[in-house]
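Structural overview for review
Here are the chains, one letter per residue:
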Amino acid sequence: DYKLHIYPSDEFEACYLTNQPRIFSLAVSLVFLVTVISFIVYDILVEKRQKKLLENAERSGKVVASLFPAMVRDRLFYERQTRDEERMNTGLSRGASEISRLRKFMAPAPHQSQSQSHSNDSDTATAVSGSAPAIADLYNDTTVLFADIAGFTAWSSEREPTQVFQLLESLFCEFDSEAKSMKVFKIETIGDCYVAVTGLPEANPDHAVIMAKFAQRCLLRFNELTKELELSLGPGTADLGIRIGMHSGPVTAGVLRGEKARFQLFGDTMNTASRMESTSIKNMIQVTADTAALLKKSGKGHTLIAREGLIKAKGKGYMQTYWLRPTSLYSSDSGNLPERLDTLRVSQHEVDHIHSRAQQDVAREKLGLPSFSHHQQDLLADNTKMQQELVHSWNDTGFNDISKNDLEEGLNRLIKWNTAVLESILTKIVVQQNEQRKQNSFKPSKDVIEYDESARFHEEIATAVKMPPFDREAMSAAYLMPSNEKVNLIPPIAREELRGYVARIASMYQDVHFHSFEHASHVTMSAQKLINKVVLRNSTELNNSMHMLGDDKKKGEKDLQKQKEADLFFSTYGISSDPLAQFAVVFAALVHDVEHRGVPNVQLIKEQPDLAMKYKNKSIAENNSIRIAWSELLKPEFANLRRCIFGSDGDESRFRQLLINVVIATDITDRERRAGERERWQAAFLSNGDDFNWEKEWQNKSEDKLPDIDVSLKATVVLEQIVLASDVAHTMQHWLTYVKWNERLYKEMWAAYASGRAEKDPTEGWYKGEIGFFDGYIIPLATKLKECGVFGNAGDEYLGNALRNKAEWIEKGQAIVAEFEAKIKRKSDVDTCDAGTLRKGYHSTSCLMNK
C-alpha cells in the first residue's frame, strides 16, 4: 500500500496562515483610538478656549458697562451690527468687522497688517465722518458732582508711586461701590478728581437728593478710609480732605468717538459743578442755588446752610451757594436751621473770590438779594448760634474732631505705622541671619557690650563704618526667599517689644511745633523712601546693561546673573544687601530729635549747663537724643528685640556706630562737623579725579577678588546723606509741604522768643535766611543726592523741587512771612489753623473753613 502525506510548503502556508489581519486590525484600532483621543483633547481645548473667551467677554462686558450706560451700549452694538451687515452685503472684507468697535477703541492692536490698518482707519472714519449718526442725547434733569482730594498733590510728592495709586484705588473703588448701590453713574476720574452724575440715562425726579446722599456717603467713607490707610501709607494721610461741588441742570451726554472713545458729558452744568468744587472748602459739600432749590422742594431744606457772601466763579460771575450739612439727610434731630444768607463769617479762602462789600452789595442787588448793611445787626446776633450748629454737624460725622481721644488715635496710628516700617526691615535682618545659619557662616552675638555712660557720642564719629564685604550667597538669600515664608519670622514677643519701644520713644518727644514725633515720622517716611530707591534702584537699567553685556561677551545666563548681583551690590555700595544698615538709618530718623526742647543748641548750653559740660558744648541735642534712644534699647524689657536686631557677632557695635554717625550728622550748625562731612564726601566720591570709573573696580575682577573691594566709606557717606536729606525733606518736596513745615518751624522759634528763650524775633531775617539756607545747604545737599548715583530718579526729583521751592519763596516769601507773623499775633487764632490739622481744640469757624 502506498500512503501519500500531503503538506503545504512554507510559502503556501504563509499565503493562508498570516498575522496581517491582526496587524491591520490593531493598526486600525490604534488609529481610531488616537482619533478619538485627539477629538477629546481638541474638545477639551476648545471648551477651555471658549471658557476663556467667555471670561474675557464677561470682563470686557464689565468694562463696557462701566464706561457706557446700557442704552448707549445697545446703540453702539446696533450701529456696529448694521455696519457689518452692510459690509457683508457689499462683499467687503469682514476681517475688521469681527472686532468689537469698543474693544478696538480701548485697545488697538499694536501690530497690524497694512490691510487691517486701512480697514480699521476706514471704519473709524466712517463712524466719525457723519455717515453714522452721533450717539448723543440731551438730559434736562441731572445733578453733576465733582469731588477732589484736598492736599493730594503735596501728599503724593512725599510718597512712592505705588503708594499714590494705592490711595486712589482704595478711595475710588469705595466711591464706585457706593455709586453702584445708589444708582449713581460714574463718568470718569481726572487725576484725583472723581466725577459722577444722576438723572441719566434713566430719568429720576429725585436726582438731586440721591446725589446729595451720595456726596455725604463719600465724605464719611473718605474720612474713615484715610484713617485706615494711614497705617500703611504713613503720616499725613488722615489729614487729607475732600472738596465736593454739585450743580443741577441739563447736560449733553454721548460717546465722543475716535480712539479711546468714552461716554462724556458736556455743557454749562459740568462747568458750574467744577466751579463748585474748586471754590469749596476741605471736607465740605458746596451746592448751587439750583441744587438747593431741588433739595428744598424735596423737603430737605434743613440740610442746607447758606454760605456767607457770594463767591465769584470763573466765567459765572457772583453766585450764591449753600453748604450741604454732612449729617444724614434722614436725621430727625438735625434741627431747622434758618435758611438765610450770610450765616458764616468770610473765610480767608473766600477773599480770593470776593473783592469788597461794596461790590457784593451791587452783585446782590442784581440777584434780588438784601445787602449786607440791611441785615448786619441780625447777622451778628445769629452768627454764634449758626457757627455752633454747623460745627456740631461737622462733629457728627467725625470731621475736624479734635478731641483728646482723636488726637490719641492719631498718635497710635503713627506708632503703628513706624512700627510696621521698622518691622519690615527687621524681617530682612532675620531672613539674612537664617540664611547664614544654613551656610554655617553665622556667628552668634556675644553678651551685651558694656558702654561708658559718660560717652560723648560726637567724639566717636567714624570716618567709615565697616560694612560687610560682597557675599553672593548671603546677598541672594533674602531676595530669593518667597514672601509668604517671611511672614511671622519675627517672634511675637519681639514684635510686641518693637511696638513698645516705638511708643516709648513717641512719649519722649516734647509738645513743640516742629521737632515733634509727627516730624520724626515725616523724616522716617522720607528716609524709607530713599532707602527703597537704593534697594530697588535702576532694575530696568541693570537688566538692559546685562543684556548688552551678554551680547558682547557671549556669557551664559548664570554668568549674567552673577554679574548682575555684583553690579547691584557695588553700584549701591552694599546698602541694598545690608538690612542692618537700612534698619539703622530708619531707626535713627525716628529717634534723632527725641526730647528736643524746641530751642537750638546755643540756647541749650544756657538752659542745660550739665549737658553742655558733659558734651563739651558740642551737638548737645543730638548727643542727648542718642543717649536716650540707646539707653532705652538696652533695657531688659527689650531683650528679645535686641536679639533679633543684633543676631550676628559685631552687629551691635556696627549698629551703634551707624546710629552715632547719622544722628550727629543732623547738627548742621556745627561748622567743624560739616567740614569733616565735606572732607569725607571728597574722599569717597571726588578723590580719584573726573576720569575715575567706579564700575571698572568690580566688573573685571575675579570672583575671589570681589570681597576685597571696600565700600565702607562710600556707604557711610551715602547713609549720612539719606538722614540729612530726610531731616529737611520738606524743602525738597511739594511747595505746600515746604510751607507747612516752614510755618511750624517759625512757630516753634517764635514760641521760644515769646517765652524769653531766644533773643531775636524770628520774623527778622526769616525771608532772606530761607534763601540763604537753600543756596548754602539745601541745593548742595540735593545735588549730592543726584551725584552719588544710588537713588535713581529721586536725585533729580529732590533737586528739581528744591530749585522750584526756592524760586517760589523768592516770589512769595515776604507775603508768607507776614502771614506767619499775623497769625502769631492774633492770639485768639494762634494754634487753631495748623497746616493740615486742628491741634488745640478751638472751633473758630473762619479757621475751620480755611482748612
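Residues numbered from 1 in each chain as written. Predicted model: local features only at pLDDT ≥ 70, side-chain atom pairs only at ≥ 80, totals over all residues. Heavy atoms only, no water.

Further remarks concern the overall build of the protein chain. Helix and strand counts for the protein chain stand at 32 helices and ten strands. Expressed as a percentage of its 851 residues, the buried residues of the protein chain come to 49%. Counted over contacts in the protein chain with a minimum sequence separation of 6, partners at least 24 positions apart contribute 78%. Carbon and sulfur atoms make up 53% of the accessible area of the protein chain, which amounts to about 42600 Å² in all. (Helix = DSSP H or I, 4+ residues; strand = E, 2+ residues; numbered from the N terminus. Buried < 20%, exposed > 50% of the residue type's maximum accessible area, 1.4 Å probe, protein only. Contact = heavy atoms within 4.5 Å. Areas by Shrake-Rupley, 256 points an atom, 1.4 Å probe, with all protein chains shown as cover.)

Let's shift gears to the environment of R437. Structurally, the position occupied by R437 is in helix 14 (residues 404-438). Measuring from C-alpha to C-alpha, the distance between R437 and S648 comes to 10.0 Å, with 211 residues separating the pair along the chain.

Our next topic: the pairing of strand 4 (residues 241-256). Extensive coverage of strand 4 is indicated by the burial of twelve of its 16 residues. Both strand 1 (residues 136-150) and strand 4 contribute to a ladder of 13 bridges, which runs antiparallel. Within strand 4, the position partnered with A150 by the bridge is G241. Judged from the four bridges that link them, strand 4 and strand 6 (residues 284-288) form a sheet pairing that is parallel. The residue of strand 6 that forms the bridge with I244 is I285. Counting the residues that bridge the hairpin from strand 4 to strand 5 (residues 262-266) gives five residues, and of these G258 lies at a positive phi of roughly 125°. (Pairing = 2+ DSSP bridges.)

On to the pairing of strand 10 (residues 321-324). Successive residues of a regular strand alternate their side chains across the two faces of the sheet. Burial of the side chains of strand 10 extends over both faces: T321 and W323 are buried on one face and Y322 and L324 on the other. Relative to strand 10, strand 6 runs antiparallel, the two sharing four bridges. Opposite Q286, over in strand 10, you have W323 as the bridge partner. Note that strand 7 (residues 304-306) and strand 10 share three bridges and pair antiparallel. Considered in strand 10, the bridge of A306 is made with Y322.

Overall, the coordinates contain 32 salt bridges when judged by the stated rule. The salt bridge involving R757 is made with E607; its shortest N-O contact spans 2.8 Å. On the criterion of sequence distance, the pair formed by R757 in the loop between helix 29 (735-754) and helix 30 (766-787) and E607 in helix 21 (residues 601-607) is long-range, its members being 150 residues apart. Residue E607 is classed as partly exposed on the basis of its relative accessible area, which comes to 27%. (Salt bridge = Lys/Arg side-chain N within 4 Å of Asp/Glu carboxyl O.)

The next point concerns the packing of helix 17 (residues 517-535) against helix 29. Where helix 17 meets helix 29, the axes come as close as 12 Å, and the angle between the chain directions of the two elements is 145°. Like other packed secondary-structure pairs, helix 17 and helix 29 cross with a definite hand, here left-handed. Only T737, K740, W741 and R744 of helix 29 make contact with helix 17, whose side of the interface consists of E518, H519 and H522. Partitioning the contact of helix 17 with helix 29 into residue classes produces one nonpolar, three polar and three charged. (Axes fitted to C-alpha atoms, helices over the stretch in contact; angles between N-to-C directions. Left-handed = near helix turned anticlockwise from the far one by under 90°. Nonpolar A, V, L, I, M, F, W, Y, C, P; charged D, E, K, R; others polar.)

What follows concerns the packing of aromatic side chains. For the structure on display, the rule yields 28 aromatic pairs. Their ring planes at 70° and their centres at 5.2 Å tell us that F470 and F569 sit as a pair that is edge-to-face. Pair noted here: F470 is in the loop between helix 14 and helix 15 (472-480) and F569 is in helix 19 (residues 557-571), with a separation of 99 residues, a long-range link. In this structure, F470 and F569 share a single accessibility class: buried. Between W735 and Y738, the ring centres sit 5.7 Å apart and the planes meet at 50°, which makes this aromatic pair tilted. Of this pair, W735 and Y738 both sit in helix 29, three residues apart, which is roughly one turn of the helix. When sorted by exposure, W735 lands in the same class as Y738, which is buried. In textbook terms, an aromatic cluster arises when at least three aromatic residues are bridged by ring pairs, as seen for Y501, F583, F587, W630, F638, F646 and F655. One Lys or Arg, R744, reaches over the ring of W741 and ends 4.6 Å from the middle of that ring. (Phe/Tyr/Trp six-rings, centres within 6.5 Å; stacked < 30°, edge-to-face > 60°. Lys NZ or Arg CZ within 6 Å of the ring centre and 35° of its normal.)

Following L200, the chain continues into P201 via a peptide bond in cis, with omega recorded as -5°. Along the chain, P201 falls in the loop between strand 3 (193-198) and helix 8 (207-233). At Y573, a residue that is not glycine, the phi angle is positive and equals roughly 55°. Assignment of secondary structure puts Y573 in the loop between helix 19 and helix 20 (579-591). With relative accessibility at 6%, the residue Y573 sits in the buried group. Positioned with a positive phi, E595 is a non-glycine residue whose angle comes to about 65°.

On to the side chain of E158. Within the element layout of this structure, E158 appears in the loop between helix 6 (152-157) and helix 7 (161-182). At a separation of 2.9 Å, a polar atom in the side chain of E158 contacts the side chain of T737. Among all residues touching E158, those that are not within four sequence positions of it are H522, M525, K529, Q733 and T737. (Polar contact = N/O pair within 3.5 Å; in protein donor to acceptor, adjacent residues only side chain to side chain.)

The relative placement of two packed helices comes down to the angle between their axes together with the axis-to-axis distance. Where helix 17 meets helix 20, the axes come as close as 7 Å, and the angle between the chain directions of the two elements is 160°. Taken together, helix 17 and helix 20 sit at an angle that is classed as roughly antiparallel. Pair helix 17 / helix 20 crosses with right-handed handedness. Contacts between helix 17 and helix 20 pair F517, A520, V523, T524, A527, I531 and V535 from the former with Q582, V585, V586, A589 and L590 from the latter. When its residues are assigned to classes, the contact of helix 17 with helix 20 shows ten nonpolar, two polar and no charged. (Parallel < 35°, antiparallel > 145°, perpendicular 65-115°, else oblique.)

Within the secondary structure, A455 sits in the loop between helix 14 and helix 15. Taking relative accessible area as the criterion, A455 reaches 9% and is therefore assigned buried. It is 8.4 Å that separates the C-alpha atoms of A455 and Y615, two residues lying 160 residues apart in sequence. Those residues in contact with A455, other than ones at most four positions away along the chain, are E460, Y615 and R656.

Turning our attention to the confidence of the model for the protein chain. Across the protein chain, the average pLDDT comes to 78, with 72% of residues at or above 70. The low-confidence segment residues 372-402, where pLDDT is below 50, has 59 contacts with residues more than four positions distant or belonging to other chains. Ignoring residues within four places in sequence, the model shows residues 828-851, a span with pLDDT below 50, making 70 contacts including any to other chains. (pLDDT = per-residue confidence, 0-100.)

Taken together, the side chains of L26, L30, L33, I37, V41 and L45 make up a nonpolar region of the molecular surface, amounting to roughly 550 Å² of accessible area. Assignment of secondary structure puts V41 in helix 2 (residues 20-67). (Patch = residues over 30% accessible without salt bridge, like charges linked within 9 Å, V, L, I, M, F, W, Y side chains within 5 Å.)

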